[in-house]
Each structure stands twice: as C-alpha cells, then as structure tokens.
Amino acid sequence: MIIAAFNWSSLIHKMLPSDSRPSAITFVAEAISPEKLTTLGHEITTDYDGNFGHIDYFLDAGIYSYEGPATCLGCHAEIEYTDAHTGQTVATELMENLTSSAHYRFFTSRHPNVYGFNGELADNFPMGKINRPCPKPGSFAMTAWAEIVVTENGDTLSEGCGQCHIGGQYQAPLGEMMPMYKTTQVEKDAIDCLICHAAAYDMNEKQVVVDGNGLKRWEQDRSMRAALSVTTPSAQSCLRCHQHNFGGDIYIDEGDPSYMESLRNTGDNRPRVLHPGSKRGTPYSPAWDVHAAAGVSCIECHTTQGHYIAKGTHSTTIMANDLPEAEVACENCHGAKPHAEDSATARYLNQHVERIACQTCHIPSLHDDNVTMRDFGNAEFEEHPGIYIYSDIVKESLPGSGIEYRWWNGDATFLGNPIGDNPNGSNLYRFYTANRVWPEYAGFDYEAWYEKIMRPIAKSGRPSKIYAMKKFNGRQHIDLSNMGPFGGMFVPYNLPAYYASGDPDRAASIEMDKSMMEMMYGIMFKYYMLDKFMSFMDIDGWNTGAYEDVREIKNVEPRWIPNDASLEISHAIRRVGALSCGDCHTESGVLDFAGLGYTTDEIETLRSHPLE
C-alpha cells in the first residue's frame, strides 16, 4: 500500500512532540495605498543601490500587500538555472529547489569530504546544523530554536538558532530528515523570502514572539517596504546571518556599517542576544577584506543553482553542502599564478602556490575578539545586558597562536580536524594529537590508530597544501555514557536558564526536560540516526538508557575536546600586510616546520630557500 506524500508527512508530524510540529501561522499583512507605494519606492531607490524592478511591477499589477511566499510565487513558481557540470539549463519548481536546500533544511545528506574516526566516509546521512552538536553555541538547533531570556533587570531578550533560518515555524524543519518527506504547505507559507532578497529588510523585526497557542517563533519583516526592495542577494543581506560566524557579534565596521545590519538593529521589543567571542575572527567588510572593499558579493564566489549555494570542497566544520562538487577557490578568479607582476619576487611567490594556499599568507591576523578557548563550565556575569555568559578564557589573533598551519587536502574528520599529509612522504606529520586525553582513555594508542586509520586516508586524498586555520577548543557538559577516545555527545544547555543563573549543571538538567531531548534519547532516534552518528565518533552505538542520568546530571561533566579543532578561514583577505618571506623562513618564523613534518635537514634548507 502506497501512503500519499501528504499523509506520510502528517504521520511524521504526529510522531514529533506537540510543541515541535509545524502549524498554520498568521502573519500580519500590511496593506498600503498606491501613493504610499510610490513614496516607498522613491525612498528605496534613494537609500539603496540596486535594480528594484518590483516597485514598478507592483504598482502596475496593483499589488499593495505582501502575503509572504504566495506573493512571490505569483510570478516565480518556476525558476531556471544553469547546471555547472553539464552546462544545461534546468527548469524546476522554486519551492522544490528551496525546500531541498541547506539554507532551508539545515542539513544535507552528501558529505564526500567528511570522515568518521572509524575511517568511514560520513556520506548519505542527514547531517548539518539541525542535528550536529557544537561547543560554540552550547545547544542544539532542535531544542534551542526560539527562546526568551529574562535578564536580571526584567528585560526580555531573543535567543535561539531559528534567528538564522529562513523558515518561520515553531521548530527546525525536523520532518525533512525523514525519508520520502514532503514539505507541507504550512511550512512553505512560513518561509521568510525577504531576509535574503530584500535590501530594506528590517532586522529589528527579527525577534522572538509568542503566538496565541503559547508557542514561540521568530518574527519576520513582511512589510511592503521590504517587499518592494527585492533584488539579487548582496553581501550585506548574507551577513544578516553569517556575520555572526565571520566577524562575531561585537565588531562593526565604522567605515561601512551596512555589513553589520544584524548587530546594529537587534530588535525593537526583545533584542537578540549578542555574543562576544568571534567564531572565526575573519570579518567580511571593507576594512578587513579586499573583496568586500571591491564590492564583491558573496554569490560571485559562492555560485548558485537556484537556491543551492556552493560552499566549496574544502571545509572542516560546516558539513551541510548543497553542491559538494562545486569549487569555491581563489584560483577561480586569480588563476594558478596570482602574482602577475613581471618580477623575480612575483615568480618566487608563484612557486609557492603548489604548496601554500593563498589564505595562508593573505590572512595575516584575526580580529581581536577571536576566541580560541571557550569554557561553558564557568559562566561570568555581564553587566550589559544583565545575563551570565560563557567564559572566553583565551582570545588570540596572531599567526602561531590564534592562527595555526596545517597540511590540508580539503577533507575533514567528524570533529573539525583538517585531513592532509606532508606531500614529501614524511611520516613525521600527524594532524590529530589528543592533547587533552580523557582519563578513561589514558591507555588508548592514538599513534597506532592514526597510522592505521588516518594516515591512509590523508595520503589517498587530494594533494595537500599548507593552510591557515583558526584554532579552537571548547569545554562543555559531556554525556559520559556516550563517549569515546575522540570525544562524546555534548549535553545542550537551556539558554534562558544558563543566561539567568550562570549554573551550567542546572541549565543542562532543565534542557533535558525539552520534549525533543527525550525523543533524542529514545529508540526511534537510536536506530534511525544516532547509532550511525556515534559510529563516526568511533563509539559503539547510542546508549538511550543515559537519559535519566543526564537529566539528574549523573555521569555528566564539562570536558575539553581531546584535540583542538581547526576551523577553515577564507575571509578577511588582505593584500597590504600579507605575510612575507621573513615571516616564515626564519628561525622565529610563524611556520612550525617540525610540526609540519619536515626533517632537520629540510628545515635548514627551508629557512634559507623557497619552500619546495
């Protein structure tokens, strides 16, 4: 018997906890007069650069109210794009393309560059922000979606992973992870088209609201001003969400603050929580990046196929990838010999390109707010806005400290280690070293594991280059019943409790009361997802029996990741101030040649000659 797609999706919804099911949401639609439309159109063309053809179209068509995706689909039900591999024009339904993208699903199933610690490729498996724990936000998307934080002064703040998602439901799109699932109409109706496509989108509207059913969600700007300003997504619109990842929630480029809309406009009624400590310390703004200064938009490099956006073939931490074969690389624009001046210096530098990635020299430092060690186990009170936050105990931004250098072929381990090997054939280089061995695995032979499992993977991959990487480690509660020699399952924190009390034990315990946490520790999640997930951690199965212990904070404690993660960095590119010969080829240079697997004789040569 074949179950209709709609009924199958409805059945999946019934399997979810009641507070995590999609539902019809009423968005207020603003209605304006033709005169007001004309006035708004004049303001938009005055305030913003771009082609705003929707102004005249709306006026001619008599569209005086924006009804969300339904208005967009009146003209854009189908889209066309050019397939990058075949060169063929592809026509498809817009919603099919959009709802199968990483920006909507928060995951993809293809990860051809991610390897588990068991040596298996972590492919054909739904994985991304929707289900991947991380020691930087301190929680899971499927539990901390939309939260209201009450400060010591009684003010309310907005927090949660849903602020950077184009859906507008009460929960992450969990049903999408299930086989044969079809996105339902109520989910499509709640999509926020304008946060990406509207130049005049008001980020003050992006805050948590509570509906009449008592459920929390993220509000959207569905104003006619925003709708009339629709244009091709710019760097500024992408950075409404991605600035948090690049430059952090503190840095604003005073020369051009338009790149930091989400930091300047945090919400009118319940401002979004701003987080000190940048994830990567690489702002994309004119003061920090030559491409931003030149007006390069994100999608000029991150090419698109409809709503599929290329991330590139090199990543250590962002597992979701719409177009895993599409390359995002400096060579796409600058060629194999980027230093074009006809001089001995240019020829010398071009010789390095085979072994040195462009970013290695052209990201000479990170922003001062870059965090390299974050401790969630010790919270500190922050006077403004009156909440407790994690302790960023180390912030480093310079080469050799905040920036480290690794051989990398573009592949990565399950926990953010760049896979690669010294192409000279040396066995001196190892990209994984457990600097913080957990006592339960003091006898584990990491060196033997590396030679048996990881060395062959590193050697069989693409040719490695030396890349600059952002160093990071985090300390967060770990479920000690679901752990192995390379780490374990992070226990998420209830963000309102954590911010209000500064007590991580209490915050972890309270979060376990969330209905999705009980489901995560249930049988269905075990057999459908988490047994496989844990296998990539080289852990034998998911222990569902740990739920009550974790809830009572038994067999749970904060732990540092055994090995520092190395996050890919590819923005904050500078020409002036780039590393030069003396920064590397000297005894006090930033490159640790011994750590990169060179012999004593090779190091002596490298300190007096080009890298070869």
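Please read all numbers here as calculations on a predicted model, not as lab measurements.

The rules behind each value
- Along each chain, residue indices are assigned from 1 in the same order as the chain's sequence is written.
- Local features in this predicted model are restricted to residues whose pLDDT is 70 or higher, and side-chain atom pairs enter the listing and the counts only when it is 80 or higher, whereas totals over whole chains, interfaces and linings include all residues.
- In computing side-chain properties, one takes all heavy atoms of the structure into account and sets aside hydrogens as well as water.
- Working definition: a ring pair exists when centres of Phe, Tyr or Trp rings (six-membered ring for Trp) sit within 6.5 Å. Plane angles under 30 degrees give stacked, over 60 give edge-to-face, the rest tilted.
- Strands here are runs of E lasting at least two residues and helices are runs of H or I lasting at least four, both read from the DSSP assignment and numbered beginning at the N terminus.
- The rule is simple: take the accessible area with a 1.4 Å probe, protein chains only, and divide by the maximum for that residue type; under 20% is buried, over 50% is exposed, in between is partly exposed.
- Using protein atoms alone on a 1 Å grid, points that fit a 1.4 Å probe yet trap it form a cavity, whereas open point sets bounded by protein on both sides within 12 Å along at least five of seven lines form a pocket; residues with an atom within 4 Å of a point count as lining.
- Grid points are joined across faces, edges and corners, and a volume is the space filled by probe spheres set on the points.
- Throughout, the ten residues Ala, Val, Leu, Ile, Met, Phe, Trp, Tyr, Cys and Pro are labelled nonpolar, Asp, Glu, Lys and Arg are labelled charged, and all others, Gly among them, are labelled polar.
- Buried residues of nine kinds, namely Ala, Val, Leu, Ile, Met, Phe, Trp, Tyr and Cys, make up a nonpolar core once their side-chain atoms join them within 4.5 Å.
- Contacts: residue pairs with any heavy atoms within 4.5 Å of one another.
- Only one rule defines a salt bridge in this text: a Lys or Arg side-chain nitrogen within 4 Å of an Asp or Glu carboxyl oxygen.

Would you mind showing me how to read the packing of aromatic side chains here?
By convention here, two paired aromatic rings are described through the distance between centres and the angle between planes. Using the criterion set out here, one finds 30 aromatic pairs in the structure. When the centroid spacing of 6.3 Å and the interplanar angle of 50° are considered together, the rings of W407 and Y598 count as tilted. With W407 in strand β12 (residues 403-408) and Y598 in the loop between α23 (581-584) and α24 (600-606), this pair connects stretches of sequence that are 191 residues apart. Both residues of the pair, W407 and Y598, count as buried. Centre to centre, the rings of F431 and Y450 are 5.1 Å apart; their planes meet at 65°, and the pair counts as edge-to-face. Of this pair, F431 sits in the loop between β14 (418-419) and α17 (446-460) while Y450 sits in helix α17, and the two are 19 residues apart along the sequence. For F431, a relative accessible area of 4% translates into the label buried. Every member of this aromatic cluster is reached through a ring pair, and the members are F117, F431, Y432, F444, Y446, W449, Y450 and F486.

Would you take a moment to explain empty space enclosed by the protein for this structure?
A water-sized probe, rolled over the atoms, reveals where empty space remains. Counted by the stated rule, this structure contains four cavities of 30 Å³ or more. L415, G487, G488, F490 and M537 are the residues nearest the centre of the largest cavity, which is lined by 18 residues in total. When residues of the lining of the largest cavity are traced back to their parent elements, those giving at least two are β16 (487-490), α21 (523-535) and β17 (556-560). A total of four residues in the lining of the largest cavity trace back to one element, the largest contributor, which is β16. A class-by-class count of the residues in the lining of the largest cavity yields 14 nonpolar, two polar and two charged.

Explain the nonpolar core here, please?
General note: in soluble globular proteins, nonpolar side chains tend to be found buried as a group. Counting residues in each nonpolar core, the largest one holds 89 residues, and the members touching the most others are F414, Y432 and M520. Here the element with the most residues in this core is α17; it accounts for six residues. With residues near it in sequence (within four places) discarded, M520 still touches F140, M142, M489, F525, L530 and W542. Formed by 27 residues, the second largest nonpolar core is a distinct cluster that contains L37, L94, M203 and A227.

What is the right way to look at the pattern of salt bridges in this model?
Pairs can form between side chains of opposite charge once their charged atoms are near each other. Per the counting criterion, the structure on display carries 29 salt bridges. Notably, a salt bridge pairs E447 with R430, separated by 3.7 Å at the nearest N-O pair. Of the two residues, E447 is situated in helix α17 and R430 in the loop between β14 and α17; the sequence distance between them amounts to 17 residues. Within the structure, one salt-bridge network assembled from shared partners comprises D421, E451, R455 and K459.

Before we go on, may I ask you to explain the layout of surface pockets in this structure?
Considered as a void within the structure, the second largest pocket measures approximately 460 Å³ in volume. Taken together, 22 residues form the lining of the second largest pocket, with D49, A199, S234, A235 and Q236 sitting closest to its centre. At the level of elements, α8 (194-197) and α10 (235-246) are the ones that each hand at least two residues to the lining of the second largest pocket. It is α10 that contributes the most residues to the lining of the second largest pocket, four residues altogether. Classifying every residue of the lining of the second largest pocket gives nine nonpolar, nine polar and four charged.

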